[in-house]
Every structure is written in C-alpha cells, then in structure tokens.
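Each chain, written out:
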Amino acid sequence: MKIKNIVITLFVILLVVFVFSYFFPKEGVTIGGLHVDIPTFEDVFLGKKVEYANIDKLINDIDSTKNTKPKIKTKRERREDFVYIEYPDSNETLLYNFFASLSKSKEQSVRVLHYGDSQIEGDRITSYIRARLQEKFFGNGQGEIPIYSQSNIGNVAYEYSNGWKHHQIISPSKGFHSYGLTMECSETKPSLFTPVWVLFKFYKPINTPLTLYCTALGEKAKVKILANGNLLEERIIEKTPVNKIHIEKIEKLKTLKIETNDNILLYGLDISEDKGVYVDNVSLRGSSGLGFSRGSEQLLSLLASEKYMNVKLIIMQFGTNVIPKGNETIVTDYDYFRKSYSRELAFLRKAMPNVAIIVIGPSDRSIKKGSHYITHPNIPKLIETQRQVAKENGCMFWDLFSAMGGENSMPAWVLRDKPLANTDFIHFNHRGAEYVGELFYKALQEEYLEYKRK
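Residues numbered from 1 in each chain as written. Predicted model: local features only at pLDDT ≥ 70, side-chain atom pairs only at ≥ 80, totals over all residues. Heavy atoms only, no water.

### With respect to the overall build of the chain
For step 1, the next point in the chain: Check the secondary structure of the chain and you find eleven helices and 20 strands.
For step 2, the next point in the chain: A buried classification covers 52% of the 454 residues belonging to the chain.
For step 3, the next point in the chain: When contacts within the chain are restricted to residue pairs at least 6 apart in sequence, long-range pairs at least 24 apart make up 76% of them. (Helix = DSSP H or I, 4+ residues; strand = E, 2+ residues; numbered from the N terminus. Buried < 20%, exposed > 50% of the residue type's maximum accessible area, 1.4 Å probe, protein only. Contact = heavy atoms within 4.5 Å.)

### Considering the sheet that holds strand E5 (residues 156–160)
For step 1, the next point in the chain: A sheet is described by the order of its strands in space; here five strands give the open sequence E5-E8-E13-E10-E11, paired in antiparallel fashion. Of all strands in the sheet, those bounded by a partner on one side alone are E5 and strand E11 (230–238). Averaged over neighbouring strand pairs, the angle between their axes works out to 20 degrees when direction is ignored.
For step 2, the next point in the chain: Of the pairings in the sheet, the one linking strand E10 (residues 220–227) to E11 comprises eight bridges and is antiparallel in character. Counterpart to Leu 226 in the pairing with E11 is Leu 231. (Pairing = 2+ DSSP bridges. Axes fitted to C-alpha atoms, helices over the stretch in contact; angles between N-to-C directions.)

### A closer look at the sheet that holds strand E20 (residues 396–398)
For step 1, the next point in the chain: As summarised here, the arrangement of the five strands in space is E15-E3-E16-E17-E20, forming an open sheet in which the pairing is parallel. Both outer strands of the open sheet, strand E15 (276–283) and E20, are each paired with one neighbouring strand and no more. Along the sheet, successive strands turn relative to each other by an average axial angle of 20 degrees, direction set aside.
For step 2, the next point in the chain: Note that strand E3 (residues 109–116) and strand E16 (residues 311–317) share six bridges and pair parallel. Paired with Val 112 across the strands is Leu 313, a residue of E16.
For step 3, the next point in the chain: Along the sheet, helix H7 (residues 335–351) contacts E16 and strand E17 (356–360); its crossing angle with E17, the most-contacted strand, is approximately 155 degrees.
For step 4, the next point in the chain: Lying over the sheet, helix H8 (residues 378–392) contacts E17 and E20, oriented at roughly 155 degrees with respect to E20.

### So, the environment of Leu 95
For step 1, the next point in the chain: Tracing the sequence through the fold places Leu 95 in the loop between helix H3 (56–65) and helix H4 (96–102).
For step 2, the next point in the chain: The exposure class of Leu 95 is buried, given its relative accessible area of 0%.
For step 3, the next point in the chain: Placed 261 residues apart in sequence, Leu 95 and Ala 356 show a C-alpha to C-alpha distance of 6.3 Å.
For step 4, the next point in the chain: Apart from residues lying up to four places away in sequence, Leu 95 is in contact with Ile 85, Tyr 87, Leu 313, Ala 356, Ile 358, Met 396, Leu 444 and Glu 447.

### A short note on the nonpolar core
For step 1, the next point in the chain: Grouped together as the largest cluster of nonpolar side chains are 49 residues, with contacts concentrated most on Ile 85, Leu 95, Phe 98, Ile 358, Trp 398, Trp 413 and Leu 444.
For step 2, the next point in the chain: Per-element tally for this core: the top contributor is helix H11 (residues 430–453), with nine residues.
For step 3, the next point in the chain: The contact partners of Leu 444, leaving out residues within four places of it in the chain, are Ile 85, Leu 95, Phe 98, Phe 99, Leu 133 and Ile 358.
For step 4, the next point in the chain: Among the nonpolar cores identified, the runner-up in size contains 47 residues, and Tyr 308, Val 322, Leu 345 and Val 355 belong to it. (Core = buried A, V, L, I, M, F, W, Y, C linked by side-chain atoms within 4.5 Å.)

### Points about unusual backbone geometry
For step 1, the next point in the chain: Positive phi, close to 55 degrees, is recorded for Asp 89, a residue that is not glycine.
For step 2, the next point in the chain: Within the fold, Asp 89 resides in the loop between H3 and H4.
For step 3, the next point in the chain: With a relative accessible area of 79%, Asp 89 lands in the exposed category.
For step 4, the next point in the chain: Its identity as a non-glycine residue notwithstanding, Asn 408 has a phi of 55 degrees, on the positive side.
For step 5, the next point in the chain: Tracing the chain through its elements places Asn 408 in the loop between helix H9 (400–403) and helix H10 (410–414).

### Observations regarding the packing of aromatic side chains
For step 1, the next point in the chain: Applying the stated rule across the entire model yields 21 aromatic pairs.
For step 2, the next point in the chain: For the pair Phe 137 and Tyr 448, a centre-to-centre distance of 5.2 Å together with 85 degrees between the ring planes defines the contact as edge-to-face. Of this pair, Phe 137 sits in helix H5 (residues 126–137) while Tyr 448 sits in helix H11, placing them 311 residues apart in sequence. There is no split in this pair, since Phe 137 and Tyr 448 are both buried.
For step 3, the next point in the chain: Look at Trp 413 and Phe 428: their rings are 5.2 Å apart centre to centre, the planes differ by 65 degrees, and that puts the pair in the edge-to-face class. Linking Trp 413 in helix H10 with Phe 428 in the loop between H10 and H11, this pair joins segments that are 15 residues apart in sequence.
For step 4, the next point in the chain: Classification of Phe 428 by relative accessible area gives buried; the value is 1%.
For step 5, the next point in the chain: Each residue in the set Tyr 96, Phe 98, Phe 99, Phe 137, Tyr 448 and Tyr 451 is aromatic and connected to the rest through ring pairs, giving one cluster.
For step 6, the next point in the chain: Arg 78 extends its terminal NZ or CZ atom over the ring of Tyr 84, reaching a point 4.4 Å from the ring centre. (Phe/Tyr/Trp six-rings, centres within 6.5 Å; stacked < 30°, edge-to-face > 60°. Lys NZ or Arg CZ within 6 Å of the ring centre and 35° of its normal.)

Okay, here's the thing in structure tokens:
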C-alpha cells in the first residue's frame, strides 16, 4: 500500500473516532444494566485531566479547631462551607431529647447506637465520636459489643468452645427474631457433660464494670463468670425476656470467660460505667442497612428503655454495599432500595419511638476512568435516595459526601503524603476515620450549641 493511501486511511479512522467521541454522551450510556463509556476527544487528544477536590483547607480547619472550645452565639449564623444536619419538615427539635439527656450523663448512662457496614468496622469513626462525647459529657468504657460478629470488633478477640449457634440479621435463622441491639445473638447448645464457653481477650486491659445481657431458654440456667482465669461468680438466670448479670470493676481485666451447661441466649456484653455517654459500634459487614425488621420490636424496645440501655440516638451509616460491585453497572433507579430502607427506618422508629435517628449518607467512592479517578455515578443517586427516605420517616440526614469535599474528593483523601483512605478508594483508614468522626461531631456540636442558645 502506498504511503499516501496509508495516510488517508489513518486520517479517515481518526476522523471517525473524533466524530464518534464528540457526539457520544460524556456520561456514557447504559444498555441492559451495562454501562458503556468511551474516552472523550479531550481525553484522547488534549490529555484533559480530572480535577480532584482540594481538601487542604478542610483538613487544616479540623486540625486547628479540634481542641478549641466553641461558644454559644446570640444568633445562629449559617456558614456556606459547613455541612449541617438536615431535619425533616425543618423540625429542629428532634435532637432535644438526646441533648437534654446529655446534661444528666453524670447521674445516668446515655446510649448512642452507631450502626454501619465495613466503613465503621473495628470501631473506626465510632471510637472517635465516643471519645469526643465522653470528653465533654463524661463516660468511661467502650459500650456494648456482640458475643459473636463477622466484623472485627475494637479491642477484643474471641475464642469459642463447641456448642454455639450464632444468629445475625445479615444471615438470618428461619423463624428467629430475638436479636439484641447489636443485631446479633448467640445461643448455647451444650452436650450432656461438656460446658459451652466463650472467652473475651482484651488487647488493652479493661478497667470498667461489665454487664451481660442474656436469658434462659429453659426455666432456669446457671452461668459461670471467670475473670483473668479465676472464678468470679456463678449466677442463676431465668426465662424472662432479659437478665442482667452485672460484673463489678476488675482492675486490668485481660480475659473474661462465660461458661454454662445450659441452653441460654446471650444478647451482648456491655463495657461501661452506669453513668456517662456511650456510643456502641455495631458493624454489620456486607450489610446495606436492611434486615433490622427481622428483629423483635418488643425486645428492642425493652433493651433500649431506661431500665436497661437508655438509648437516645441511633446513627445509621450504610451505603457501601448498595453500590453494585461492577464499576460498569449504573443503577438508573434506586426505588427498590428506597422501599426496603424505608421499611427498616419505620421499624426502628416504631420499636424505639423516643429515639432520634440520624442517617449518614455514603462517602465519596471512586472508579477509574482512563488514568484518573472519578466519583462513581451511582453515588449522587444513592445520596438523594437516602435523604428522601430519612425525611419521609421522620429521621435526620447528614451528607458525608459533601462534608468530605464532594465530587472527586476520595482521591484527595487517598493520594496524600499521609493518606486518609485506602487504595480501594472506598474505605477510610484509621487516621481518615478520625477526621470523618470529627466532621460528624462538629455537625452534632453545632446543633447542641443551638439547643443551648434556645
């Protein structure tokens, strides 16, 4: 082939590519659930770069104001660069009951339940919020932890004997509804001569009292408690909805063993004083925030009451698992999720009518486009869906996506000299989780100051 013909052929090919890329939708197209995207003319020929969010000011502001004591203002002044908690029907009194209980936290315990997916696993984000609240309102302890979990639990490792059946809302047992506030429950199934036991091993020794929430499945059951290898006490529990086994403070508690020869249900172990504010980390790895309604409304209501846990606030932080795993899959309509998530929020509101609920929207999540990272196209749709569902069910909403910098902000968290998120461009690392915790705490603090002003 002559050089002239080769040049003409290449020119025609480039012209076709140019025309096709010029008129092809920049956002791509979705065919049968499969997203098709091609580089634009600017990407191919001009090397156009994606602009990542600049979060330097955000991080500097957090670092510089973290230890300052905010003052109550005579008049509320809303800032454009601040992400506030959003209220349904502009009802700014929804947190007042929670705030009022905080003023009594030196006389009684106040409980916050932080439900979430792997984004909060290992007590990330939660531990920071807990520390900030305890710093201001008193408290000493981690809060309630499950007897078993598929997620990593902060500061504890488990060992089990044979003879256990674990129930979880993310992999439910047919006909079972007695999930505790941790949305997990463990049942002992002892053999004739062999006891069933669980051993809690604390990485950092515990210096607070503990409370075991459980019930007997027969008329009565005997439970042994061993602390640091020594028998502490034996307790008889009954077939009532909830039994509390209170364990007095043991200095430098490293191991706690619960042992029985009977059939019992264990709802959770609470590591806290009988006063102060506690934020329980309930990480449900793989969850989309669904399945809560599989629990018993009556049991949850009882456990959340002042007689037991005194729950005043629930934080719902899900979304990671609502985004399809394949980056090419674009969800055109989140109506299916809206209906399911609405059912769960309605159930929690009914089970705990005096408990305020804040829904935290998903954080930014990136997919790779060419050599750059961009916000997953499903994220804005999911945020708007969660915002609507929250407000339709009388719950508050806080937009983490906007608070962390908005569109294309996750790369700015990942690609720093000291990264704040992992290279999956989805999950925050421990350092980044503290910044997220501070962002949420500041939003909560802003509402508390307004409550005090009024």
